[in-house]
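# Inside the fold
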Amino acid sequence: RAEDLLAEVAGWCGIVAAGLLLPDGKARRLFGEAGLIKALGELVGDDGGVLSRSPLGQIEAIALIVRLRACYHALRQDPPAALEAILAMLVPPLLALTHGDGSLGSWQGAWAIDGDEIAALIEASGVRTRPLRDVRQWGYQRVVAKQSILQFDAAPPPLAKHARTGCASTLAFEFSHGGHRLVVNCGGSGYAGGLMPVRLEQGLRATAAHSTLVLDDANSTAVLINGAIGTGVSEVEVDRRTLTGDKGQGAATRLEASHNGYEARYGLTHRRILILRDDGTELRGEDLLVPGGKKGKNGKVGFAIRFHLGPNIEVRLSDDGQGAGLALPDGSLWQFRSGGGQITLEESLWADGQGRPQPVQQLVLQGLVSRGGGNFAWLLKKMG
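This section reports on the structure supplied with the text.

Thresholds, definitions, all that
- Residues numbered from 1 in each chain as written.
- Predicted model: local features only at pLDDT ≥ 70, side-chain atom pairs only at ≥ 80, totals over all residues.
- Heavy atoms only, no water.
- Helix = DSSP H or I, 4+ residues; strand = E, 2+ residues; numbered from the N terminus.
- Rg over C-alpha atoms; globule rule 2.2 N^0.38 Å.
- Buried < 20%, exposed > 50% of the residue type's maximum accessible area, 1.4 Å probe, protein only.
- Contact = heavy atoms within 4.5 Å.
- Areas by Shrake-Rupley, 256 points an atom, 1.4 Å probe, with all protein chains shown as cover.
- Lys, Arg positive; Asp, Glu negative; His and termini not counted.
- Charge placed at Lys NZ, Arg CZ, Asp CG, Glu CD.
- Salt bridge = Lys/Arg side-chain N within 4 Å of Asp/Glu carboxyl O.
- Expected span 1.5 Å × (residues − 1).
- Polar contact = N/O pair within 3.5 Å; in protein donor to acceptor, adjacent residues only side chain to side chain.
- Pairing = 2+ DSSP bridges.
- Axes fitted to C-alpha atoms, helices over the stretch in contact; angles between N-to-C directions.

### Considerations on the overall build of the protein chain
Check the secondary structure of the protein chain and you find seven helices and 16 strands. Scaling as 2.2 N^0.38, a compact globule of 384 residues should have a C-alpha radius of gyration of about 21 Å, and the protein chain matches this with 22 Å. A total of 384 residues make up the protein chain; the buried ones form 53% of that total. Summarising the internal contacts of the protein chain: among those between residues at least 6 apart in sequence, 64% fall at separations of at least 24. Surface exposure of the protein chain reaches about 16,700 Å², of which carbon and sulfur atoms provide 51%. Charge centroids of the protein chain, computed over 40 positive and 40 negative side chains, lie 3 Å from each other.

So this is what it looks like as structure tokens:
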């Protein structure tokens, strides 16, 4: 009878623990185990990701099972095999959202939770596994190219009944090199009311708080109060392929995805192509707005493609206004170039490992686009 499936799982874990630790509890334990396995089956998708698509929910589910398993071990009993199997499924999707330093990407309300915390949880789980790479239901694509890691949200937001801190983040990405984040999402809405001011919660869940394209300052999926999510993106098509090197170009991984969140209002579908070279030094992107629906619409609509930058990055716009130089804390230099259109530098914020808001900057490529569609190419490249 809890407010959502995760809280229901917590309640069932409590019943099982009581059955284990209180006298004459066998009947209660058996009843609790049956309810717990059923509730976990409804909480977790086929690939092991919780249906809220939130790393926070994933962490909580793993932690609940780890604590319950300790109750079994205290009595020298073995947990049900189904419980161990679900725990083994839960860990790889969480690892898919870690960066090179082991800390977490900022998705669906989560913040950049420190790698030490994640590592301690994984160690306590006892699960030894690799991160999931191509995850259809959990919805996050992961590409590792030497020192670079790309995370890409290629799925609709969670259904309203699953979301606690639902975010309109479809087709956003995060990109890190070594231990440094170059492109991030703001994150932290799940901590609003804690170290993050509660007045920022709605804004942190908006499309504009993520590194993706925004039309007319509108969310691609409606963001409602109390963490709920409304209508918008209902389907995402995704294609992943490996490109072989030719004509002096290195091999690369190509991700292409599109969503229909702006189709009803503006008659446009957003398609994003990301190509990461296998040596991790070059990320090419293209954002396309493709006319959808039966009839084209006249006029123009404002767009902004936002690239929220990681902490401690020094930024300098180029003289022609179509690029920027990025100096990372480790001394490495990256260049950002747009294929056309002016780049501006704006303020942003990023939730750090403790969920505290930190001032960062964002590169914004913005202008007006015809209702007949348009395309915008950009490049992020390591220099030297």
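Let's pick the thread back up.
### What to know about the pattern of salt bridges
Per the stated rule, a full pass over the model turns up 17 salt bridges. Between Lys-381 and Glu-282 there is a salt bridge, with the nearest N and O atoms lying 3.8 Å from each other. Residue Lys-381 is located in strand E16 (residues 374-382), and its partner Glu-282 is located in strand E9 (residues 282-291); the two are separated by 99 residues in the primary sequence. Under the relative-accessibility criterion, Lys-381 is labelled partly exposed at 35%. For Glu-346, the salt bridge goes to Arg-306, with nearest N and O atoms at 3.4 Å. Residue Glu-346 is located in strand E14 (residues 343-351), and its partner Arg-306 is located in strand E10 (residues 300-309); the two are separated by 40 residues in the primary sequence. A relative accessible area of 27% means that Glu-346 is categorised as partly exposed. The buried category is assigned to Arg-306, whose relative accessible area is 10%. A network of salt bridges, in which partner residues are shared, links Asp-4, Glu-60 and Arg-164.

### Examining helix H1 (residues 5-21)
Relative to the 24 Å expected for 17 residues at 1.5 Å per residue, H1 spans 24 Å between its end C-alpha atoms, a close match to the ideal helical length. Of all the positions in H1, only Leu-5, Leu-6, Ala-7, Val-9, Trp-12, Cys-13, Val-16, Ala-17, Gly-19 and Leu-20 are classed as buried. Contact partners of the buried residues in H1: helix H2 (26-43) and helix H3 (55-74). N-capping of H1 is provided by Asp-4, with a side-chain oxygen placed 3.3 Å from the backbone N of Leu-6.

### As for the sheet that holds E9
Pairing in this open sheet of eight strands is antiparallel, and the strands run E6-E7-E8-E9-E16-E13-E12-E11 from one edge to the other. Each edge of the open sheet carries a strand with a single partner, namely strand E6 (236-243) and strand E11 (314-317). Taken over all neighbouring pairs, the strand axes of this sheet differ in orientation by 15° on average, direction set aside.

### Describing the pairing of strand E1 (residues 140-145)
Burial within E1 is extensive, with five of its six residues counted as buried. The pairing of E1 with strand E2 (residues 148-153) spans six bridges and is classified as antiparallel. When the sheet's bridge partners are listed, Tyr-140 is paired in E2 with Asp-153. From the end of E1 to the start of E2, which pair antiparallel, there are two residues, and Lys-146 there has a positive phi angle of about 55°.

### Some remarks on unusual backbone geometry
Of note, Arg-76 is a non-glycine position whose phi angle comes to about 55°, a positive value. Positionally, Arg-76 belongs in the loop between H3 and helix H4 (81-95). Despite not being glycine, Leu-171 shows a phi value in the positive range, around 70°. Positionally, Leu-171 belongs in the loop between E2 and strand E3 (173-177).

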